[in-house]
Amino acid sequence: MSDVSGSELRALMARVPSVEKVMASAEFAPLVSGYGRTQVLNALRDALDAWRLRAQSADAEGNPPLGALDSAQLQATVEAALRGRNESRLRSVFNLTGTVLHTNLGRALLPDESVRAVMTALTQPANLEFDLATGKRGDRDDLIDELICELTGAEAATVVNNNAAAVLLTLSALAAKKEVVVSRGELVEIGGAFRIPDIMSRAGAKLREVGTTNRTHLKDYDEAINARTALLMKVHASNYAISGFTKEAGLAEIAPLAHARGLAVAVDLGSGTLVDLSEWGLPREPTVRETVEAGADIVTFSGDKLLGGPQAGLIVGRRDLIAKIKKHPLKRALRVGKLTLAALEPVLQLYRAPEKLAERLTTLRLLTRSADEIHSAAQRVQLVLQQALGARYTVAAEPMFSQIGSGALPVDVLPSHGLVVRMADGKRGGRHLLALEKQLREMARPVIGRIADDALRLDLRCLEAADEAQLIAQLTAQYQGK
Ligand SMILES: *Cc1c(COP(=O)(O)O)cnc(C)c1O
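Residues numbered from 1 in each chain as written. Predicted model: local features only at pLDDT ≥ 70, side-chain atom pairs only at ≥ 80, totals over all residues. Heavy atoms only, no water.

Q: For this particular structure, what's the right way to read the layout of surface pockets?
A: A probe as big as a water molecule, rolled over the atoms, marks out the empty space that is left. In this structure, the largest pocket occupies an estimated 980 Å³ of space. Together, 35 residues line the largest pocket, and Leu105, Arg107, Ala108, Leu109 and Leu110 are the ones closest to its centre. For the lining of the largest pocket, the element with the highest residue contribution is helix H6 (residues 112–123), accounting for 5 residues. A class-by-class count of the residues in the lining of the largest pocket yields 17 nonpolar, 8 polar and 10 charged. Lining the lining of the largest pocket are residues from two domains, each supplying at least three of them: domain 2 (94–103 + 365–480) and domain 3 (112–356). (1 Å grid on protein atoms, 1.4 Å probe; cavity = no way out; pocket = protein on both sides within 12 Å on 5 of 7 lines; lining within 4 Å. Points joined across faces, edges and corners; volume = space filled by probe spheres on them. Helix = DSSP H or I, 4+ residues; strand = E, 2+ residues; numbered from the N terminus. Nonpolar A, V, L, I, M, F, W, Y, C, P; charged D, E, K, R; others polar. Domains from an automatic or database assignment.)

Listed below in structure tokens is the structure:
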């Protein structure tokens, strides 16, 4: 500030219009009515401060002084700032990664039935914890536990915020200060901070590891059981596979052992599907019902993986154990909100009509989309993408493999199609491909693909008709704007 002389500074400030005058101007009226006076005033002050700073530094550097501020320019600056600040940070993207249940992109997409139920729950009071038959206080689990039991064959059920919470709560309620026997082959980390040994110690339970990484026998479990044992636990090794010289004692062997010793078995199924996916040509995953029937006393699984619902953790099993879990103080902290319950119920209801499931349940529809149908989409989008990207790149429609994601079989298994972008001169892509990947990521609706084998790959499995039209429109606007 001190490098500007007094008279120059006075001249400078004289060119800045008064805040009150600008706020009362016709140009600012729509902004004030839309965004409210407080925000507009702050944004205007910021814009004027920025202008003063620029004027001062122009002055200090001996540059010609800035012209008088014109009100249209000021209005445009303030409006752009307000629009930017009020834009949602949670944005829709195109998931062209080839991973259907992509954890970083929000996992399962929900059917319209759930959307409608959530809208109603958002805007109208509901019997969330109110028993309409008696007029007394109810339990939010009552809204959904019968349906879960019908679909899984379990005696009782409860729902919490996610499967990590389901495991934490189960261990806290059933095994605090006691031992839980787990095979060394199942001490998994499921992305982020979910590691079985850590969850175990957070829950106050003591992990009793048995067997080895590749082989664990029934007698390993048997020998580990002692007076301090609370549970035997099996964890679905969701995101990796051990092959070769391997052996894991199965639930069908472990459950009778546990029961004979007066203990319970908990199974963390991870993705936990409610139907046999091999009926749709997908890889087989153990269903929740089969797991209950094989003798699991508690089964935990996610709501937003193969189940195709909202983020949630479902806990099903023996009535007395579920009652204990529901009474634990952590249940109150980990419970789900009404939006989750509203979204989950219609998804579960879809499972009552398994013959319609591949059409109605978004996740299953995407997983079972035929390679031919995806191929047609790739042919439709190819030319538009080629035009949008220009002659520097070649865009080809090629077969590729999608993944289920979220830990269900961690390998490429679904024949799909997509667009493969390479450098037109046959050179290695390197930083040009990275720049292209960034450019697509910065579009109005970001396009998320993946770089592999010196090409940018866009798998179109998750691009259904409405999204395809939107992507084509966005790409068309891009090359017309060039
Ligand atoms: C995914 C997964 C979890 C964590 O479930 P969230 O719903 O993401 O909390 C826990 N255990 C297994 C085996 C999983 O696959």
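Q: Would you mind showing me how to read the packing of aromatic side chains here?
A: Under the definition given, this model contains 0 aromatic pairs. In this arrangement the basic side chain of Arg445 is found over the ring face of Phe94, its NZ or CZ atom lying 4.0 Å from the centre. (Phe/Tyr/Trp six-rings, centres within 6.5 Å; stacked < 30°, edge-to-face > 60°. Lys NZ or Arg CZ within 6 Å of the ring centre and 35° of its normal.)

Q: Before we go on, may I ask you to explain helix H18 (residues 371–389) in this structure?
A: Note: α-helices contain 3.6 residues per turn, so residues at a spacing of three or four share the same orientation. In a regular helix each residue adds 1.5 Å, so 19 residues correspond to 27 Å; H18 covers 25 Å between its end C-alpha atoms and thus fits that length. Residue Val381 marks the point of greatest curvature in H18, where the axis turns by about 30 degrees. Listing the buried residues of H18 in full gives Ile374, Ala377, Ala378, Val381, Val384, Leu385, Ala388 and Leu389. Positive phi shows up at Gly390, right after H18, with a value of about 85 degrees. (Expected span 1.5 Å × (residues − 1). Bend = angle between axes of the 7 residues up to and from the residue. Buried < 20%, exposed > 50% of the residue type's maximum accessible area, 1.4 Å probe, protein only.)

Q: Which parts of the structure should I look at to understand the nonpolar core?
A: As a rule of thumb, nonpolar side chains are buried together in soluble globular proteins. Counting 56 residues, the largest nonpolar core has Leu232, Val316, Leu348 and Tyr351 as the members making the most contacts within it. Split by domain, the residues of this core number at least three in each of domain 2 (94–103 + 365–480) and domain 3 (112–356). Other than its neighbours up to four places away in sequence, Val316 contacts Ile148, Thr152, Ala154, Ala156, Ala157, Val288, Val292, Asp297, Ile298, Val299, Phe301 and Ile322. Grouped together as the second largest cluster of nonpolar side chains are 33 residues, Ala173, Val180, Ala205 and Ala266 included. (Core = buried A, V, L, I, M, F, W, Y, C linked by side-chain atoms within 4.5 Å. Contact = heavy atoms within 4.5 Å.)

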